[in-house]
Amino acid sequence: MAIRDIITLPDPVLRKKSTAIEAVDDELRNLLDDMLETMYDAPGIGLAAVQIGILRRIITVDTCRDEETEAHDPIFLINPQIVGLSDDRTIHEEGCLSIPEYFAEIERPSSIHVRYVDYHGKQQELEADGLLATVIQHEVDHLDGTLFIDHLSKLKRDLVVRKFTKAARQAEKDKGNGRIL
């Protein structure tokens, strides 16, 4: 397993739509393992392949992580499809590994029904609510080129994008000047 670099805003790859997985094989499982290790290292509770520059419809999620016991309960979702959304809505504070240190309250359906292929290539269905439903919706959004800031007002979203664009330009400028950060 290897820890991969996480792509951050304003990288345009985050706005691209991911393509479906044709087959689950050892190469894909190795990628899923890398994604899980990368997610834990970040640390995060969800990661879409696009966030490491791979435009494929796969996500890893683990909302049950216990730092003290190091217990994990990861879920690997290949080609996830949200096929049902509750009418009830809930608000969670969301953050994103691709938009570091920025958090906002986002309203989403409180429960979902999702179909996906698992780590072993078997078709699965899952009813999720609470934090798990929020994380899955957040990560599936990534697969469609949508970021959680897209659920904010245009003004708030534009401020976040400007902030990260300015920081990226400054980092490039510092890199070009030979400054080590």
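Residues numbered from 1 in each chain as written. Predicted model: local features only at pLDDT ≥ 70, side-chain atom pairs only at ≥ 80, totals over all residues. Heavy atoms only, no water.

**Comments concerning the layout of surface pockets**
In this structure, the largest pocket spans a volume of roughly 390 Å³. Around the largest pocket, the lining is made up of 21 residues, and of these Gly44, Ile45, Gly95, Cys96 and Leu97 lie nearest the centre. Of all the secondary-structure elements, those providing two or more residues to the lining of the largest pocket are strand 4 (89–96), strand 5 (99–109) and helix 2 (130–143). Here the residues of the lining of the largest pocket sort into 11 nonpolar, six polar and four charged. For the second largest pocket, the full set of lining residues is Arg4, Ile21, Glu22, Ala23, Asp25, Glu27, Leu28, Leu31, Ile54 and Arg56. Among the residues making up the lining of the second largest pocket, the classes are represented as five nonpolar, no polar and five charged. (1 Å grid on protein atoms, 1.4 Å probe; cavity = no way out; pocket = protein on both sides within 12 Å on 5 of 7 lines; lining within 4 Å. Points joined across faces, edges and corners; volume = space filled by probe spheres on them. Helix = DSSP H or I, 4+ residues; strand = E, 2+ residues; numbered from the N terminus. Nonpolar A, V, L, I, M, F, W, Y, C, P; charged D, E, K, R; others polar.)

**Some points on the packing of aromatic side chains**
Scanning all chains against the criterion turns up two aromatic pairs. Ring centres 4.8 Å apart and planes at 45 degrees place the aromatic pair Phe76 and Tyr119 in the tilted group. Of this pair, Phe76 sits in strand 3 (residues 75–85) while Tyr119 is found in the loop between strand 6 (111–117) and strand 7 (123–129), placing the two residues 43 residues apart along the sequence. Accessibility assignment for this pair places Phe76 and Tyr119 in one class, buried. Centroid distance Tyr102 to Phe148: 6.2 Å. Interplanar angle 35 degrees. Geometry classified as tilted. (Phe/Tyr/Trp six-rings, centres within 6.5 Å; stacked < 30°, edge-to-face > 60°. Buried < 20%, exposed > 50% of the residue type's maximum accessible area, 1.4 Å probe, protein only.)

**Some details on the nonpolar core**
Judged by nonpolar contacts, the single largest core of 17 residues is most densely connected at Leu77, Leu126 and Ile136. If you list the elements that add at least two residues to this core, you get strand 2 (58–61), strand 3, strand 6, strand 7 and helix 2. Not counting residues up to four positions away in its chain, the partners in contact with Ile136 are Ile59, Val61, Leu77, Ile112, Val114, Leu126 and Ala128. If you look at the next biggest cluster of nonpolar residues, it comprises 16 residues, including Leu31, Leu32, Met35 and Ile52. (Core = buried A, V, L, I, M, F, W, Y, C linked by side-chain atoms within 4.5 Å. Contact = heavy atoms within 4.5 Å.)

**Quick word on the side chain of Asp62**
By the secondary structure assignment, Asp62 is in the loop between strand 2 and strand 3. There is a polar contact of 3.0 Å between the side chain of Asp62 and the backbone nitrogen of Cys64. Contact partners of Asp62, with chain neighbours within four places excluded, come to Met39, Tyr40, Ile45, His72, Asp73 and Pro74. (Polar contact = N/O pair within 3.5 Å; in protein donor to acceptor, adjacent residues only side chain to side chain.)

Take it as geometry only, folks, not as evidence of what the structure does.
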